[in-house]
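# Architecture at a glance
Each chain is listed here by its residues.
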Amino acid sequence: MPITSFQALACPLDGAPLHSNGSMWRCAAGHGFDIASQGYTHLLPVQHKRSRDPGDSKLMVAARQRFLNAGHYQAIAAAVSRAVLAGLPPRGIASCLDAGCGEGYYLRQLAAATRGGQSLALLGLDISKWAVLSAAKQDRLPTWVVGSNANLPVQPGTLDRVLCIFGFPVHAEFARVLKPGGQLLQLDAGPDHLRELREIIYPTLKPGRAADGREPQGFTGVSNETVRYHLDLAGSETIADLLAMTPHLYRASAERRSRAAALTALSVTVDVRLALLARNAIR
């Protein structure tokens, strides 16, 4: 797989380019950031944190790793990989950021889908140190950083692709780091996503939010795709992992969580929307 590390990182303190000497990233002003022995770098300044340990917990990351590595969302990963690779030139190196990479599943699937002479410089970023640690342990080829979508530690205009999968999009930042004509792939839950699980853990379901037809500033819509299928889950452990990797774990009451924990089989609907948006030319 022609996968390389991403080199166009920026200092989270002053925005200057970072340069690696093998064990540390450093900018011209002397700000230094160690590369951990596990293979990731912490680029989230303490003043940008909203809590001591932001993002997904260690338990949530472990549940997501087990669930995704079992292949339950492989169809989603395949759709993402196709969309990323479709418009890239067959030769040369394209740079790709997964903004909110979690434990790295979608970047690993993208790497596996790369064919021929295509080469990708991959950067995975997440605000959860536990997620980035898990990603780095599973694959050392991409560059992995702890950081925030609100202040991406990436040099302007250096990315061909940005992925935001079940994440928190910050379109102004995505536009800043994408090259003109570069593309954002944004994947969000559809109205029926995990409906059967939500019917168990909530007394009533809130109506799905209507899609906002407006395009984010700086972007032009290219295409929209729906990925929808039914997923049969067997075993209480698998169902517990699905619940643990979603925000529903903390929103449901203890009684409703107990009801879900008692299940040994569950059929759920997977319903996601994949929007492809192109970065407008800079005038």
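A few points on the structure. (Residues numbered from 1 in each chain as written. Predicted model: local features only at pLDDT ≥ 70, side-chain atom pairs only at ≥ 80, totals over all residues. Heavy atoms only, no water.)

### As for the side chain of S134
- With respect to the helices and strands, S134 occurs in helix α4 (residues 129-138).
- The exposure class assigned to S134 is buried, which follows from its relative accessible area of 9%.
- If we skip the residues at most four places from it in the chain, S134 touches V61, Q65 and E103. (Helix = DSSP H or I, 4+ residues; strand = E, 2+ residues; numbered from the N terminus. Buried < 20%, exposed > 50% of the residue type's maximum accessible area, 1.4 Å probe, protein only. Contact = heavy atoms within 4.5 Å.)

### Focus: unusual backbone geometry
- The phi angle at F166 is positive, at roughly 50°, despite the residue not being glycine.
- Residue placement: F166 occurs in the loop between β9 (159-165) and α5 (171-177).
- Residue F166 is classed as partly exposed on the basis of its relative accessible area of 33%.
- Notably, L194 is not glycine yet its phi reads approximately 55°, a positive angle.
- By the element assignment, L194 lies in the loop between β10 (178-189) and α6 (195-201).

### A closer look at the packing of helix α1 (residues 58-69) against α4
- One can describe the packing of α1 onto α4 by two numbers: an axis separation of 9 Å at closest approach and a directional angle of 40°. One way to sum up the angle between α1 and α4 is to call them oblique. At the point where α1 passes α4, the crossing takes the right-handed sense. Listed contacts from α4 to K58, V61, Q65 and N69 of α1 are W130, A131, S134 and Q138.
- Class assignment of the residues belonging to the contact of α1 with α4 gives a composition of three nonpolar, four polar and one charged. (Axes fitted to C-alpha atoms, helices over the stretch in contact; angles between N-to-C directions. Parallel < 35°, antiparallel > 145°, perpendicular 65-115°, else oblique. Left-handed = near helix turned anticlockwise from the far one by under 90°. Nonpolar A, V, L, I, M, F, W, Y, C, P; charged D, E, K, R; others polar.)

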